[in-house]
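Each chain is listed here by its residues.
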Amino acid sequence: MRSFLRLTAGLACLFALATAGCSAGSDSASDAAPATPTAPGRSSSAAPSRTAASGTSYAPYVSAAEASANDAAGTPATYNLAFVISDGSGCTPEWNGRHAVDDATVASRVAALTETGASVRVSFGGASGEELAATCDTVAELTRAYGAALDAAGSTQADFDIEGEELADAGSVALRSRAIAALQKERPDLEVSFTLPVMPSGLDSDSLALLTSANRYDVQVSAVNLMTMNYGESYAGDMGGYAITSATAAHTQLKAVFGTTDADAWKGMALTSMIGVNDVDNETFTLADAAQVREFAEEKGIAWVSMWSTFRDQQCADGTDTDDALTNCSGVRQSSGAFAEAFSG
C-alpha cells in the first residue's frame, strides 16, 4: 500500500489460531501440537459490539500522526497505524520517516483512537521508505526497533506490510522472521499478521517464500492480510469480484502452507482494498464492491476487512484531478465515511 509520506493537509506451526506448542528453532511441522482454534485479530481491549455480532471486524488504515474526520466511521474494532519504517540512516524506527516512535503527537493520536475501546495495530513497512529489516544489521537490533514502536503505541498487535523489493530480498526476509520470533518470545501475547500483495491467481512465489520463512523460525501468525488491489491494467471491471477470486485462490495456498482446515484458513485471512480510484488505470473500487467483499468475508468467517484509508473515505472537491489514485479523497461519488459503513456491515 502507499505511504502517508505523500499526505498534503501504507507448515502448520505458522497459524497461531490453529496450532500451538512450536519449539524454538524448529525447521519442520513435527514440533507443532494441535490446539483449540482461537479467533484471529483479537484485542486486549473491548471491541465494539458490531464486531462481536458479525465475527468479521473492521480495521481501517489510518495515519499515526494526523487525524481524519472519517476515522470513527463504521465503528472500527482496530486501527492499523501506518507506517513504521527506518529513519533512513539506520535501525531507528520512525512513523513514515518523519516522527519519532515516541512522538507526543502520535501518543495523543493513539489515545484518541482507543478511547472508545478500539485497539491499535502497528503496521511496519508499506510501499515507501526503507523497511527496518533492510536497515538493521542484527536480530537483536531489529527486535528492539520493533519493540520500541509497539511500546510507544501501547500495542500488542504487529502487522508487517512487505512489498516491492523487500519481498524478494531473502536476507531481510530471514532477518525479519528471526526478529519477530524473538519478539514473540519476549511478548507471548503479541499478535502478528503479514500484509502481502495478491492477484486473482493468488499469492506469488515471493509471498509464499516469506510465509515459509516465518514458519521456519516459529513465528506465530494470526492472519495474512491480502492487498486486493493493483492487479494490472488488464484487470478492468468488477473489483469486488477480483477480491473474492483472489481470496479464494489464496485460501487454497494458505491451507497448503499452514496445513490447516478450510475454516481455519478463512479465519486466518484478512482483506484490504484500496477504495475508489486505484493506483492502476481502469481499477476503481466502488461502494457496491465494498458491500460485496463484506458479505463474502462474513460468509467465510474472515478475520477482518480493511481499506486504504480513512483519509480517502470522502468525495473529492470539485476540480480535483482524479486521474491518479488520490491521497485525501476516493475519486468516486460518495458521502463521507460511506466506505467505512459498507465495510463494517
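Residues numbered from 1 in each chain as written. Predicted model: local features only at pLDDT ≥ 70, side-chain atom pairs only at ≥ 80, totals over all residues. Heavy atoms only, no water.

Brief notes about the packing of aromatic side chains
Enumeration over the complete set of coordinates arrives at 12 aromatic pairs. When the ring of Phe124 is compared with that of Tyr146, the centres are 4.8 Å apart and the planes differ by 65 degrees; the resulting orientation is edge-to-face. Placement of the pair is Phe124 in strand β8 (residues 119-125) and Tyr146 in helix α4 (residues 139-153), with a sequence separation of 22 residues. Both residues of the pair, Phe124 and Tyr146, belong to the buried class. Consider the rings of Phe124 and Phe160, whose centres lie 5.1 Å apart with planes at 15 degrees: the pair is stacked. With a gap of 36 residues between them, Phe124 in strand β8 and Phe160 in strand β9 (residues 157-161) connect regions that are remote in the sequence. Classification of Phe160 as buried rests on a relative accessible area of 0%. Linked through ring pairs, Phe124, Tyr146, Phe160 and Phe194 together constitute an aromatic cluster. (Phe/Tyr/Trp six-rings, centres within 6.5 Å; stacked < 30°, edge-to-face > 60°. Helix = DSSP H or I, 4+ residues; strand = E, 2+ residues; numbered from the N terminus. Buried < 20%, exposed > 50% of the residue type's maximum accessible area, 1.4 Å probe, protein only.)

A word on the confidence of the model for the chain
With 83% of its residues at a pLDDT of 70 or more, the chain shows a mean pLDDT of 86. Note on residues 4-14: pLDDT under 50 across the span, and 60 contacts to partners over four residues away in sequence or across chains. Across residues 17-53, where pLDDT falls below 50, the model places 73 contacts with residues more than four positions away in sequence or in other chains. (pLDDT = per-residue confidence, 0-100. Contact = heavy atoms within 4.5 Å.)

Some words on helix α7 (residues 205-216)
End to end, α7 covers 16 Å across 12 residues, agreeing with the expected 16 Å (1.5 Å per residue, within 8%). Buried residues along α7 sit against α5 (165-168), α6 (170-186), β10 (191-197), β11 (221-227) and α8 (239-258). Where α7 begins, the capping side chain belongs to Asp204, and its oxygen is found 3.2 Å from the backbone nitrogen of Asp206. Just past α7, the residue Asp218 takes up positive phi, approximately 65 degrees. (Expected span 1.5 Å × (residues − 1). Polar contact = N/O pair within 3.5 Å; in protein donor to acceptor, adjacent residues only side chain to side chain.)

So, the environment of Gly125
Along the polypeptide, Gly125 turns up in strand β8. Look at Gly125 and you get buried, because its relative accessible area is 2%. The sequence separation of Gly125 and Ile162 amounts to 37 residues, and the corresponding C-alpha distance is 6.0 Å. The contact partners of Gly125, leaving out residues within four places of it in the chain, are Phe83, Val84, Ile85, Glu131 and Asp161.

A few points about the nonpolar core
Counting residues in hydrophobic clusters, the biggest one holds 77 residues, and the most contacted among them are Phe124, Tyr146, Phe194, Leu211 and Phe343. For this core, the leading source of residues is α8, giving 8 residues. Residues in contact with Tyr146, not counting those within four places in the same chain, are Phe124, Glu131, Leu132, Ala133, Phe160, Arg176, Ala179, Ile180 and Leu183. (Core = buried A, V, L, I, M, F, W, Y, C linked by side-chain atoms within 4.5 Å.)

Topic: the state of the cysteines
By the definition in use, this model includes 2 disulfides. A sulfur-sulfur separation of 1.9 Å characterises the disulfide bridge that pairs Cys91 with Cys136. Sign of the S-S torsion, about 90 degrees for the bond between Cys91 and Cys136, identifies this disulfide as right-handed. Here the residue Cys91 occupies a position in the loop between β5 (78-86) and β6 (93-95), and Cys136 occupies one in the loop between α3 (132-135) and α4, the gap between them amounting to 45 residues. Neither residue differs from the other here; Cys91 and Cys136 are each classed as buried. Disulfide partner of Cys316: Cys329, at an S-S distance of 2.1 Å. The chirality of the disulfide connecting Cys316 with Cys329 is right-handed, given an S-S dihedral of about 90 degrees. Residue Cys316 is found in the loop between β15 (304-308) and α11 (338-344), and its partner Cys329 is found in the loop between β15 and α11; the two are separated by 13 residues along the sequence. (Disulfide = S-S within 2.5 Å.)

Looking at helix α10 (residues 287-300)
Taking 1.5 Å as the rise per residue, α10 with 14 residues should run 20 Å; its terminal C-alpha atoms sit 20 Å apart, in good agreement. Those residues of α10 that sit buried are Asp289, Ala290, Val293, Arg294, Phe296 and Ala297. Around the axis of α10, the buried residues are gathered within 165 degrees of arc, so they sit on the same side. Exposed side of α10, more than 90 degrees from the buried face: Ala288, Glu295 and Glu299 are the residues found there. A positive phi of about 80 degrees marks Gly301, the residue just after α10. (Arc of directions from axis to C-beta.)

Focus on unusual backbone geometry
For the bond from Ala82 to Phe83, the omega torsion is -20 degrees, close enough to zero to count as cis. One can find Phe83 in strand β5. Of note, the amide linkage connecting Trp308 to Ser309 takes the cis form, showing an omega dihedral of -5 degrees. Located in the positive-phi region is Thr75, a residue other than glycine, with phi close to 50 degrees. Its location among the elements puts Thr75 in the loop between β4 (61-63) and β5.

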